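For reference, the chains in residue letters:
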Amino acid sequence: MITLFEHAGGLQGLRRFIDVFYTSVLADPLLHPLFGQGRPDHVTHLTAFTAETFGGPADFTADMGGFPHIIAVHRGLKITEEQRRRFVELYMTAADTAGLPADAPFREALRSHVEFGSRVALQNSHAETDEALHPLREVPHWTWPE
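Here the structure is a predicted model, which is why all the values come from computation and not from measurement.

Draft legend 1. Expanded view of helix α8 (residues 104-126). In this model α8 runs 33 Å from its N-terminal to its C-terminal C-alpha over 23 residues, within 8% of the 33 Å that 1.5 Å per residue would give. Of all the positions in α8, only Phe-106, Arg-107, Ala-109, Leu-110, His-113, Val-114, Ser-118, Val-120, Ala-121, Leu-122, Asn-124 and Ser-125 are classed as buried. Buried positions along α8 lie against α1 (4-7), α2 (10-27), α4 (42-53), α6 (66-74) and α7 (81-97). In this structure Asp-103 caps α8, since a side-chain oxygen of it lies 3.1 Å from the backbone nitrogen of Phe-106.

Below, the structure is given as structure tokens:
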């Protein structure tokens, strides 16, 4: 069965998607406080993370700090539920703008991926101790909905 990574157009398709998404996040007044002016490597990192999550190469874990890096960048951000919901909204809108496949199973997988990930980030952004972190400690692997 084809992976979500392949269905999304591989690295090229995901890079286009994440670039559109990141541009929208940086321009959004509600999310701007979390991202500031942005980081030059963020699109590359988020593309690699998404690719690995969707069944592509494991470059994020091998070369970019893996999940411990994600935990570190979210700690202390104090993400609000409103910001989390806006993040999800912009993510799904970027999928349309970037021309990702629009079939229902793929979009369901995409939405469940960003909903789950944004909830993990929300929890980790408020964690004042390691015990308060979400228990996830490695890049999750997403598959097609059943």
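Draft legend 2. How the structure looks around the packing of aromatic side chains. Summed over the entire model, instances satisfying the criterion amount to nine aromatic pairs. Where Phe-49 meets Phe-60, the ring centres are 5.5 Å apart and the plane angle is 75°; that geometry is what we call edge-to-face. Of this pair, Phe-49 sits in helix α4 while Phe-60 is found in helix α5 (residues 59-63), placing the two residues eleven residues apart along the sequence. Of the two residues examined, Phe-49 and Phe-60, each falls in the buried class. Counting every residue linked through ring pairs, the aromatic cluster contains Phe-17, Phe-21, Tyr-22, Phe-35, Phe-87 and Tyr-91.

Draft legend 3. Quick peek at the nonpolar core. Phe-17, Phe-67, Tyr-91 and Leu-110 are the most contacted members of the largest nonpolar core, which totals 44 residues. For this core, the secondary structure elements donating two or more residues are α1, α2, α4, α6, α7 and α8. Residue contributions to this core peak at seven residues, all from α8. Those residues in contact with Leu-110, other than ones at most four positions away along the chain, are Phe-17, Phe-54, Tyr-91, Met-92, Ala-95 and Leu-100.

Draft legend 4. Looking closely at the pattern of salt bridges. Tallying each qualifying case throughout the model produces eleven salt bridges. The shortest N-O distance in the salt bridge between Arg-84 and Glu-81 comes to 2.9 Å. Residue Arg-84 and its partner Glu-81 are located together in helix α7, separated by three residues, close to a single helical turn. Among the residues examined, Glu-81 registers a relative accessible area of 32% and is labelled partly exposed. Ionic pairing is found between Asp-96 and Arg-107, a salt bridge with its closest N-O pair at 2.7 Å. With a gap of eleven residues between them, Asp-96 in helix α7 and Arg-107 in helix α8 connect regions that are remote in the sequence. One continuous salt-bridge network, built from bridges that share partners, spans Glu-81, Arg-84, Arg-85, Arg-111, Glu-115 and Arg-119.

Draft legend 5. Structural view of α6. For α6, the full list of buried residues reads Gly-66, Phe-67, Ile-70 and Ile-71. On its buried face, α6 is in contact with α4, α5 and α8. Gly-76 lies just past α6 and shows a positive phi near 85°.

Rules behind the numbers
Residues numbered from 1 in each chain as written. Predicted model: local features only at pLDDT ≥ 70, side-chain atom pairs only at ≥ 80, totals over all residues. Heavy atoms only, no water. Helix = DSSP H or I, 4+ residues; strand = E, 2+ residues; numbered from the N terminus. Expected span 1.5 Å × (residues − 1). Buried < 20%, exposed > 50% of the residue type's maximum accessible area, 1.4 Å probe, protein only. Contact = heavy atoms within 4.5 Å. Polar contact = N/O pair within 3.5 Å; in protein donor to acceptor, adjacent residues only side chain to side chain. Phe/Tyr/Trp six-rings, centres within 6.5 Å; stacked < 30°, edge-to-face > 60°. Core = buried A, V, L, I, M, F, W, Y, C linked by side-chain atoms within 4.5 Å. Salt bridge = Lys/Arg side-chain N within 4 Å of Asp/Glu carboxyl O.

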